[in-house]
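# Residue-level structure breakdown
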Protein chains: 2
Amino acid sequence: MVSLKFFSLASSLCSSPSKTVKSSLDFELKKLGGCTKLTRNVNLEKLKNSYLFPEISRRELEHVAKYPNVRLISLGTGDTTEPIPKKITTDMSNFAHALSTVEGYRGYGLEQGDEALRKAIANTFYGHLHVKSNEVFVSDGAQSDISRLQVLLGSGVTIAVQDPTFPAYIDSSVIIGQTGYFHEATKKYQNVVYMPCGPTNSFFPDLAVTPRTDVIFFCSPNNPTGYVASKKQLHQLVDFAKTNGSIIIFDSAYAAFIEDGSPRSIYEIPGAREVAIEISSFSKFAGFTGVRLGWTIIPDELLYSNGFPIINDFHRIVTTSFNGASNIAQAGGLACLSSVGLKEIGSVINYYKENRKILMETLVSLGLTVYGGVNAPYLWVHFKGSKSWDVFAEILENTHIITVPGSGFGPGGEEYLRISGFGRRDDIVEASKRLQSFFTTRTKHFPLFSSPSNNN
Amino acid sequence: MVSLKFFSLASSLCSSPSKTVKSSLDFELKKLGGCTKLTRNVNLEKLKNSYLFPEISRRELEHVAKYPNVRLISLGTGDTTEPIPKKITTDMSNFAHALSTVEGYRGYGLEQGDEALRKAIANTFYGHLHVKSNEVFVSDGAQSDISRLQVLLGSGVTIAVQDPTFPAYIDSSVIIGQTGYFHEATKKYQNVVYMPCGPTNSFFPDLAVTPRTDVIFFCSPNNPTGYVASKKQLHQLVDFAKTNGSIIIFDSAYAAFIEDGSPRSIYEIPGAREVAIEISSFSKFAGFTGVRLGWTIIPDELLYSNGFPIINDFHRIVTTSFNGASNIAQAGGLACLSSVGLKEIGSVINYYKENRKILMETLVSLGLTVYGGVNAPYLWVHFKGSKSWDVFAEILENTHIITVPGSGFGPGGEEYLRISGFGRRDDIVEASKRLQSFFTTRTKHFPLFSSPSNNN
């Protein structure tokens, strides 16, 4: 890929083509043929740095190059590791095979997804909540639908996000033009409401001091903090949205990990159908991170200020900008929601729950301050007084474990690391040992990490 | 879905909530909970009617309801019908099966696609054209990437399109905010340059009178006209873009159907790497309309006016707004590009070529004026003096054959129908018979279709 070094060269040549430049540089640019007259999209100019996970991948590759013989363990990007249950892969495999037969061949499907799958999603996850199959839009994953929703919303709306939160909400908001510039001092984009969620407010925003926005992105169980909002809290959120005429975009991608009876869907809250969109995914639920399948719910009752139904516009966006999720993945989704599929998926989720329990016990035994990890696969570990990228780098260097620096999730994530319970059991056990050994030595000798007693 | 009738009710209630309304209407709105204060995206307000293909599907459903016992034949949406060759489905099937094993399980892949597939695409389609694998972005299909490119470009650019052309270019342009309102009299959006392509200019735009735009969407072989641009014409197009500092977004989705040696890639033209993006797809090439796989090429040399490489921004868009094509589909893509895969795909393409030949012979024998159909799967049939939706409706009513009204591809498509060579052979033969019978009777007795002699 063309380097940034070249960019500054090309930049100077393109913007002032008549200026005398060194012939070698001139030659470089000539070889490239010069610039077009296309002005770069100002929204892309505003975007800071790399997207979090590609940056982590880059650091991981660097580390592997430096230590080619170590066993690197990733507790990082939250990638699933366990095989997909056989019932599901068998159905996908059979569907793929049938595509080679006249009877089994299928071309274009409905852009919004196969009707049987839409019905199964409505029944399985929203059976008692009056979600209809026409309100279900099958996607190739929540990340794509977040961007499609931003295209629907356009540049004219204001948004609020939990701080910290999954970075795709803000990044897609910047790209579509809803925000101002990034402010280095605060680490925030202008024109975005960051709702602090930390230990002092039980990781739920203080709505009494939150300004009105058109849209509120809300992820529960939250990525990265691992906190789930209670029914009472979600009642407050829905009331807040109703009072303000806002819409909530509720991300329930980790709902399968909820253990304490907290709502798995925003539609468990009365009145939510008039104010909330829900996005969700088979990725963490069924190990479909590579297979790619998700869904979005837009209730019929959700209306713009002029009374026009938002579902009609999303239907238009989906049919224009998307051509449906892979039909093989959709066959897999349908298998997931069969009784056998659901039972087998339950076992895989329990495996990850056991992982996070092992990690939680290790980190707590070391005296670290750990949040989350009960209703979500993520642990949210506090390193008071430290920069999270520094802690990330130090842990990687010393234990060969990939984590995620909390600051990648917003300014409220500084001083934290997200540690993921997704992983093979032997990796989780090995990682626990390495962390134990490292922290036991580390906190004795260096001041970078505050001592456990300071955190409590 | 909430009806438009309800919309006008909700609209009046939401915008003037204090006004006295009939209690039954009030009850309806109360039941729905009222409107949010979210203003509808002005770009979506501008979008006219439904997207072409969903509208055709709607009419098809209506027709089936009216004639439940007829054998409906679709020569419409250009959907592939032939089974996918076994080598390819076997590899997908095996990949899906392996996902249930520890060794074969795969989670997140690179958002821009598996490296082996990117290399195979670069080698197979661009081996002699210096396209590097890092310049290949694997997608879930060209339609999704058209929208992702529009998100990259943003609302500040101007575009030109062939007229007629595939509607997704303009519709996605409206959605992202590049256009003005639709003008009913001209059937054109303001702020879009429509480049007429018809019999008088050999279906290639008259560049001498085409105003400069930032972006030129160019589809060759063209959907719907079936015309392919020659090497000489593409030279002119690249020169035109260079002179103007424009970029070309070249859609080569139908390249596999080219028979006469015309370029299958814009990069066959010297200098195109500095001015052109290419989008393409496995959909029509390998029958992947339902499996979903495509790709986009952004050369390193393609630069904004400030010298910044466009590939860097597209990389950022893809990693933020997309999480990669389904890994099962990607395994299928790799199988397509094996020597066995390519050979088997060639047979399927020959089957469709034979189909279009049968249709062409039938229509020409009826004296109809038929364009295209040599280097593309589509025939472009002229019905001088007729409205294309009327011809569509009349053919559907009398022959139970679905076609595509040319006006759905832009004002330059009025008076035309697109007839697709994708179909099962017995359907093609049966459709030919029905068309023969209908047109033989029809042109004798009714003036709606001008007689063949008037067309020539």
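For the structure itself, consult the block above.
Keep in mind it's a predicted model, so treat the numbers as computed, not measured.

## Brief notes about the overall build of chain A
- If you tally the helices and strands in chain A, you get 16 helices and 15 strands.
- Burial analysis of chain A (456 residues in total) assigns 62% to the buried set.
- For chain A, the proportion of contacts with a sequence separation of at least 24, taken over those separated by at least 6, is 73%.
- Summed over all atoms, the accessible surface of chain A reaches about 16500 Å², with 54% contributed by carbon and sulfur.

## Some thoughts on the relation of the copies chain B and chain A
- When chain B is fitted to chain A, the best match, at an RMSD of 0.0 Å, comes from turning it 180° and sliding it 0.0 Å along the axis. When the rotation and shift are considered jointly, the pair of chain copies conforms to a two-fold rotation axis. Taking C-alpha positions as the reference, the residue of chain B nearest the rotation axis is B:Ser93, at 2.1 Å.
- Here 100% of the interface residues in chain B have copies in chain A that are interface residues too; the copies meet face to matching face.

## Some remarks on the pattern of salt bridges
Residues and elements named next belong to chain A.
- Tallied over the entire structure, the rule returns 50 salt bridges over all chains.
- A salt bridge links Glu184 to Lys48; its shortest N-O distance comes to 3.0 Å. With Glu184 in the loop between β4 (182-183) and β5 (188-189) and Lys48 in the loop between α3 (42-46) and α4 (52-66), this pair connects stretches of sequence that are 136 residues apart.
- Relative accessible area serves as the criterion here: at 42%, Glu184 is assigned to the partly exposed category.
- We note a salt bridge from Lys132 to Asp300, for which the minimum N-O separation is 3.3 Å. On the criterion of sequence distance, the pair formed by Lys132 in the loop between α6 (115-126) and β2 (136-139) and Asp300 in the loop between β10 (294-297) and α11 (310-321) is long-range, its members being 168 residues apart.
- Judged by its relative accessible area of 8%, Asp300 is buried.

## Quick word on the packing of helix α5 (residues 86-98) of chain A against helix α5 (residues 86-98) of chain B
- Close contact between α5(A) and α5(B) brings their axes to 8 Å; oriented N to C, the two are set at 175°. With respect to α5(B), the element α5(A) is oriented roughly antiparallel. Between α5(A), through A:Lys86, A:Thr89, A:Met92, A:Ser93, A:Ala96 and A:His97, and α5(B), the contact on the second element is made entirely by B:Lys86, B:Thr89, B:Met92, B:Ser93, B:Ala96 and B:His97.
- Considering only residue class, the contact of α5(A) with α5(B) consists of four nonpolar, six polar and two charged.

## Regarding the sheet that holds strand β6 (residues 192-196) of chain B
All names here are of chain B.
- The strand order across the open sheet formed by seven strands is β2-β10-β9-β8-β7-β3-β6, and the pairing between neighbours is mixed. Each of the sheet's edge strands pairs with one partner strand only, and the pair in question is β2 (136-139) and β6. Averaged over all pairs of adjacent strands, the angle between strand axes in this sheet comes to 20°, irrespective of strand direction.
- Where strand β9 (residues 276-281) and strand β10 (residues 294-297) come together, four bridges link them in antiparallel fashion. Within β10, the position partnered with Ser281 by the bridge is Gly294.
- Sitting on the sheet, helix α8 (residues 168-176) is in contact with β3 (159-163), β6, β7 (215-219) and β8 (247-251), with an inclination near 150° to β3.

## Overview of the sheet that holds strand β14 (residues 404-405) of chain B
Residues and elements named next belong to chain B.
- Taken in spatial order, the four strands line up as β11-β12-β15-β14 in an open sheet, and their pairing is antiparallel. The open sheet is flanked by β11 (369-372) and β14, the only strands paired with a single partner.
- In this sheet, strand β15 (residues 416-420) lies alongside β14 in antiparallel orientation, the contact comprising two bridges. Each residue of the ladder has a partner; that of Val404, found in β15, is Arg418.
- Seen against the sheet, helix α14 (residues 388-399) touches β14 and β15 and runs at an angle of roughly 45° to β15.

## Here's the deal with the interface of chain B and chain A
- Between chain B and chain A, the contact holds 110 residues from the first and 111 residues from the second.
- Across the chain B/chain A interface, buried area totals approximately 9000 Å², and carbon plus sulfur atoms make up 59% of it.
- Summed over the shared surface of chain B and chain A, the number is four salt bridges.
- The partner of A:Asp313 in a salt bridge is B:Arg40, and the shortest N-O contact between them spans 2.7 Å.

## Notes on the packing of α11(A) against helix α7 (residues 142-153) of chain B
- Two elements in contact, α11(A) and α7(B), have axes separated by 7 Å at closest approach and are oriented at 110°. The angle between the axes of α11(A) and α7(B) places the two elements in the roughly perpendicular class. Contacts between α11(A) and α7(B) involve A:Thr319, A:Thr320 and A:Ser321 on the former and, on the latter, B:Gln143, B:Ser144 and B:Ser147.
- Across the contact of α11(A) with α7(B), the residue classes break down as no nonpolar, six polar and no charged.

Thresholds applied
Residues numbered from 1 in each chain as written. Chains lettered and ligands numbered in written order. Predicted model: local features only at pLDDT ≥ 70, side-chain atom pairs only at ≥ 80, totals over all residues. Heavy atoms only, no water. Helix = DSSP H or I, 4+ residues; strand = E, 2+ residues; numbered from the N terminus. Buried < 20%, exposed > 50% of the residue type's maximum accessible area, 1.4 Å probe, protein only. Contact = heavy atoms within 4.5 Å. Areas by Shrake-Rupley, 256 points an atom, 1.4 Å probe, with all protein chains shown as cover. Least-squares fit on C-alpha atoms with pLDDT ≥ 70 in both. Salt bridge = Lys/Arg side-chain N within 4 Å of Asp/Glu carboxyl O. Axes fitted to C-alpha atoms, helices over the stretch in contact; angles between N-to-C directions. Parallel < 35°, antiparallel > 145°, perpendicular 65-115°, else oblique. Nonpolar A, V, L, I, M, F, W, Y, C, P; charged D, E, K, R; others polar. Pairing = 2+ DSSP bridges. Buried area = accessible area lost by both parts, 1.4 Å probe.

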